[in-house]
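Structural characterization, general
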Amino acid sequence: MKHVVRFEPVGVEIEVDEDQTILRGAAEQGVMLMHGCKEGQCAACKSFVLDGELDDIDHDKYSTFALPDYEKDEGYTLLCRAHAYADLTIELLNYDEEMIRSGLPIVDATAEVVSNDAVTHDMRHLVLRLKEPTEVKFFPGQYVDIVVPGTEEHRSFSMANTSSRESGLLEFVIKIYPDGLFSQFMQDKLKVGDELALSGPFGVFTLRESHDSPLVFVGGGAGMAPILSLLRSMAERGITRRARFYYGARTRADLCFEEELRGLEAQLADFRYVPALSEPTDACAWEGETGLITDVVKRLESDCTGRDAYVCGPPPMVEAAMPLLAGLGVDEARIYFDKFTTTGETGQ
Ligand SMILES: Cc1cc2nc3c(=O)[nH]c(=O)nc-3n(C[C@H](O)[C@H](O)[C@H](O)COP(=O)(O)OP(=O)(O)OC[C@H]3O[C@@H](n4cnc5c(N)ncnc54)[C@H](O)[C@@H]3O)c2cc1C
Ligand code: FES
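Owing to the predicted nature of the structure, the values given are computational and were not obtained by experimental measurement. (Residues numbered from 1 in each chain as written. Chains lettered and ligands numbered in written order. Predicted model: local features only at pLDDT ≥ 70, side-chain atom pairs only at ≥ 80, totals over all residues. Heavy atoms only, no water.)

Our next topic: the sheet that holds strand β16 (residues 271-277). One open sheet accounts for 6 strands, arranged β17-β16-β15-β14-β18-β19; its pairing is parallel. A strand with exactly one partner marks an edge of an open sheet, and here the two such strands are β17 (289-290) and β19 (335-339). Alignment of strand β14 (residues 215-220) against strand β15 (residues 243-249), held across 6 bridges, turns out to be parallel. Across the sheet, the residue bridging to Val218 is Tyr246, located in β15. (Pairing = 2+ DSSP bridges. Helix = DSSP H or I, 4+ residues; strand = E, 2+ residues; numbered from the N terminus.)

Structural data, given as structure tokens:
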């Protein structure tokens, strides 16, 4: 059964099958709604049911941190988990008129491993070559879902490259977690020539082209990947917006892509890369910034009014950076983020 879902205040209508989520139905019709994890964890897709009964919507498993019961009772929903069982009108709480009609088609693809190398003691650089189809268009900053071989599970990974530079290649920076279903498999078993299945692109962590405001990027851990993609794309396209990239790591051994980022300082019109170590040791012989990355931003930036901010990495870092940037004057609607939430822990 299909139902009509109308989104306000943008006035866009889609038809959704009962067996697909509203977010997925929208994406398949080229309507790009705000989202992050697609797993009911991050709350980026939270919206309000303006017209429709509570039992017209059924939710797949989600975290009650993302949607507490009292909010659900008031009429809030997570579009990435919601199935419509009647026609509905939904108020989008976060939306971006520039993005909403810019959806790229979601593609199921297979790809072959080109390389799988360590870039730090616990992060790897995985490069895939698409086999079927041989190209997938994506915006810098987007991600794909990779199926964990031998399971029905998938994990989301952001591309570190751009789809224009080396068409057919997908590059990732992936952190290895002890007992991590995909990351341990990748570290221990995934070899050059092996095949992976994936689908995408997803995500709205992309450069808003209509703005020419200065940019501030804040990243930690594997949050390097989509920020590198955005910076590489700026260099490729000669974008001259002022940009600062604050990157948090524990020790010097956790830093990666240093040479390329220093090169981008020379290549981009007005770009500075500011790595900071939160736990420097004597062995680091570090003369750069120290402390939590949010403290470093607070120390070095006094006024970020009028800037666009991009924050990406582990959820606690993202959650600390967002109010900080808003406090420094960034318009909340212009703080774009991807929380690298895990797929495992759900509260319901
Ligand atoms: C939109 C999006 C984009 C992402 N992009 C990337 C990316 O570019 N690179 C990347 O490395 N990851 C990225 N992630 C996270 C990724 O999808 C996986 O969740 C992560 O790699 C862990 O998967 P796993 O199968 O190895 O571990 P799991 O089997 O899911 O987890 C195993 C163990 O590790 C712990 N664990 C997993 N993740 C974390 C964490 N973040 N912090 C603390 N403990 C954790 C779990 O609690 C569990 O105990 C992204 C997530 C999202 C939602
Ligand atoms: S909770 Fe829906 S996208 Fe994260």
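Relative to the helices and strands, Ala269 resides in the loop between α6 (258-267) and β16. Taking the C-alpha atoms as reference, Ala269 lies 17 Å from Ser229; in sequence the two are 40 residues apart.

A few words on the pairing of strand β2 (residues 12-17). On β2, burial follows the alternation: Val12, Ile14 and Val16 on one face are buried, whereas Glu13, Glu15 and Asp17 on the facing-out side are not. Pairing analysis gives 6 bridges linking strand β1 (residues 2-8) to β2, with the strands arranged antiparallel. Residue pairing in the sheet places His3 in a bridge with Val16 of β2. Linking β1 back to β2 in an antiparallel pair, the connection comprises 3 residues, with Gly11 at a positive phi of about 70°. (Buried < 20%, exposed > 50% of the residue type's maximum accessible area, 1.4 Å probe, protein only.)

This brings us to the domain arrangement of the chain. Here the chain is described as being made up of domain 1 (2-100), domain 2 (107-202) and domain 3 (215-339). Here the C-alpha centre of domain 3 lies 31 Å away from the C-alpha centre of domain 1. Tallying the contact residues gives 4 residues for domain 1 and 4 residues for domain 3. Joining domain 1 to domain 3, the criterion identifies 0 salt bridges. Connecting domain 1 to domain 3 are 0 residue pairs in polar contact (both at pLDDT 80 or more). (Domains from an automatic or database assignment. Contact = heavy atoms within 4.5 Å. Salt bridge = Lys/Arg side-chain N within 4 Å of Asp/Glu carboxyl O. Polar contact = N/O pair within 3.5 Å; in protein donor to acceptor, adjacent residues only side chain to side chain.)

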